[in-house]
Amino acid sequence: MRARARALRESGDVVGLVPTMGYLHEGHLSLIRLAAELADTVVVSIFVNPTQFGPAEDYERYPRDLERDARLAEGAGCDVLFVPEVADMYPEGHATAVHIERLSEKLCGAQRPGHFDGVCTVVAKLMNIVEPGLAVFGQKDGQQAVIIERMVDDLNMDVTIVLGPTVREPDGLAMSSRNTYLSPDERSDALSINEALSEARERYEAGETDAGSVVDRIRVTIDARPKARVEYVSAVDRRTLDDVRVLGPGTMIAVAARVGGTRLIDNVVL
Ligand code: AMP
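Residues numbered from 1 in each chain as written. Predicted model: local features only at pLDDT ≥ 70, side-chain atom pairs only at ≥ 80, totals over all residues. Heavy atoms only, no water.

A. Highlighting the sheet that holds strand S8 (residues 262-269). Ordered by their spatial adjacency, three strands build an open sheet running S6-S7-S8, and the pairing between neighbours is antiparallel. Pairing within the sheet leaves two strands with one partner each, and these edge strands are strand S6 (228-237) and S8. On average, adjacent strands in this sheet sit at an angle of 15° to one another, irrespective of strand direction. Two elements, S6 and strand S7 (residues 251-259), share nine bridges in a ladder whose sense is antiparallel. Within the sheet, the bridge partner assigned to Val 230 lies in S7 and is Ala 257. Here helix H9 (residues 211-223) sits on the sheet and contacts S6 and S7; the angle it forms with S6, its principal contact strand, is near 160°. (Pairing = 2+ DSSP bridges. Helix = DSSP H or I, 4+ residues; strand = E, 2+ residues; numbered from the N terminus. Axes fitted to C-alpha atoms, helices over the stretch in contact; angles between N-to-C directions. Contact = heavy atoms within 4.5 Å.)

Printed below as a string of C-alpha cells:
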C-alpha cells in the first residue's frame, strides 16, 4: 500500500483516503463519491479495528462482507481497496497509541473508555501508510470528526480533512452498519432518534435557544419508545464539545441511545 501510494503521489496524483470498517452502505458510498470528486485516486480502507472496541462490545460479530464491499466501493469510484490484517496493523509488541485529551473523554468517550484512542491510533497509522492529500469522514460520527481534525492539527499531519453530511434511510434513520442488528420493532423505535433531533432543530429554527429544554424533550421522546433508552443527549459546541446552555450556530446536539442491544448515535449541527 505504501509503495502504491508513493508511486501515485510521485506521478502527481492527489490521493484521497476514506477509512471505514466495511459493510458499506450509502453513507460510506457518499464519502467515496465525494473523495472521487476531490482527488485523482481514491483509497478506501476496510479494517474492523479491534482497539476501538471495548471488551464487551461487538468486535466479533461486527458485520463483514468483503466481496460485496469491493463491488460497491468500486461502483462509487474507489480505485484502491486497502484491507490490512489485524496482525499487520498490530504486530506483536505494538505499544503506541494516540490519545487526544479532553475531547476523547466527553460524550461517547465517557461510555466507551479508550474508544477514541483506538480510532485515533488506527487513523494515524492509515494516514502514515497512505499519506493522502485529503481524507473524508462522516458528520454522522460528529465527535470522531472533531477529534480527528484536532489530531491532524496537533500532530502536523499534512492532510486536509473533509466531512460529508449524514446519509439517512428514507424514513430518517441514520445509516449505520449496526442497523443490521435491529429487529423490526427495534428499528421502528430507533426512528425516534431522528424524530427527536429533527423536532429539536425545528424548535431552534422557531426561536427556542434554551439547550436544557431542548435536550430534555429529546430524552423524553426517545425514552417513550419501549425498546429505546437514551445513553446521553448533549448540546455542545461543535469544536470544543463543551456543553452549551444557549443554542446557536455551531451547536451540535448529539445523541447516543441503546435500542434493544444496539448502540446507535446521531447528531444535528445547528
Ligand atoms: P464506519 O465504517 O462506521 O467506521 O464509518 C466509516 C466512515 O463513514 C466514518 O467517517 C463515518 O462517519 C462515515 N459514516 C458512517 N455512517 C454514515 C452515514 N450515515 N452518513 C455519512 N457518513 C457515514
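B. Up close: the side chain of Gln 143. Looking at the secondary structure, you find Gln 143 in helix H7 (residues 142-154). Reaching out from Gln 143, the side chain makes a polar contact with the backbone oxygen of Lys 106 at a distance of 2.9 Å. Once residues lying within four places of it in the same chain are set aside, the contact partners of Gln 143 are Leu 103, Ser 104, Lys 106, Leu 107, Cys 108, Gly 109, Phe 116, Leu 241 and Met 252. (Polar contact = N/O pair within 3.5 Å; in protein donor to acceptor, adjacent residues only side chain to side chain.)

C. The layout of surface pockets, seen in detail. Within this model, the second largest pocket holds a volume of roughly 310 Å³. Lining the second largest pocket are 17 residues, with Ile 100, Glu 101, Leu 103, Arg 150 and Asp 154 positioned closest to its centre. (1 Å grid on protein atoms, 1.4 Å probe; cavity = no way out; pocket = protein on both sides within 12 Å on 5 of 7 lines; lining within 4 Å. Points joined across faces, edges and corners; volume = space filled by probe spheres on them.)

D. Local environment of the site of the ligand. Residues in contact with the ligand amount to 16 residues; listed here are only the nearest, His 28, Gly 138, Asp 141, Val 167 and Met 175. With respect to the ligand, the backbone of Gly 138 contributes an N or O atom lying 2.9 Å from an oxygen atom. The protein chains hide 92% of the 490 Å² of surface that the ligand would expose on its own. Contributing elements (two or more residues each) for the shell around the ligand: strand S1 (15-20), helix H2 (26-38) and strand S4 (134-138). Per-element accounting of the shell around the ligand gives the leading share, three residues, to H2. Across the shell around the ligand, the residue classes break down as seven nonpolar, seven polar and two charged. (Near = heavy atom within 4 Å. Areas by Shrake-Rupley, 256 points an atom, 1.4 Å probe, with all protein chains shown as cover. Nonpolar A, V, L, I, M, F, W, Y, C, P; charged D, E, K, R; others polar.)

E. Structural view of the packing of aromatic side chains. Counted by the stated rule, this structure contains three aromatic pairs. Each ring, one from Phe 53 and one from Tyr 62, has its centre 5.9 Å from the other, and the planes form 75°; the classification is edge-to-face. Per residue, the accessibility class of Phe 53 equals that of Tyr 62, and both read buried. Clustering of aromatic rings is evident, with ring pairs tying together Phe 53, Tyr 59 and Tyr 62. Directly above the ring of Tyr 59 sits Arg 64, whose terminal nitrogen or CZ lies 5.1 Å from the centroid. (Phe/Tyr/Trp six-rings, centres within 6.5 Å; stacked < 30°, edge-to-face > 60°. Buried < 20%, exposed > 50% of the residue type's maximum accessible area, 1.4 Å probe, protein only. Lys NZ or Arg CZ within 6 Å of the ring centre and 35° of its normal.)

F. Representation of unusual backbone geometry. Positioned with a positive phi, Arg 102 is a non-glycine residue whose angle comes to about 60°. Looking at where Arg 102 falls in the secondary structure, it is placed in the loop between helix H4 (86-89) and helix H5 (108-111).

G. Seen up close, the pattern of salt bridges. On inspection of all chains with the given rule, the structure shows 18 salt bridges. Of the charged contacts in the structure, one is a salt bridge between Arg 9 and Glu 131, with a shortest N-O distance of 3.6 Å. Residue Arg 9 is located in helix H1 (residues 2-10), and its partner Glu 131 is located in the loop between helix H6 (115-130) and S4; the two are separated by 122 residues in the primary sequence. We classify Arg 9 as partly exposed; its relative accessible area is 28%. (Salt bridge = Lys/Arg side-chain N within 4 Å of Asp/Glu carboxyl O.)

H. Layout of the environment of Asp 79. Residue position: Asp 79 is located in the loop between helix H3 (66-76) and strand S3 (80-82). With 39 residues separating them along the chain, Asp 79 and Asp 40 place their C-alpha atoms 9.3 Å apart. For Asp 79, the residues in contact, after removing those within four places along its chain, are Arg 4, Asp 40, Thr 41 and Val 42.

I. Expanded view of the nonpolar core. Judged by nonpolar contacts, the single largest core of 41 residues is most densely connected at Val 123, Met 127, Met 151 and Ile 161. Elements supplying a minimum of two residues to this core: S1, S3, H6, S4, H7, S6 and S7. Here the element with the most residues in this core is H6; it accounts for 10 residues. When residues no more than four places from it in sequence are discounted, the contact partners of Met 151 are Val 98, Ile 100, Cys 120, Val 123, Ala 124 and Met 157. (Core = buried A, V, L, I, M, F, W, Y, C linked by side-chain atoms within 4.5 Å.)

Remember that the coordinates give geometry; whether it matters functionally is a separate question.
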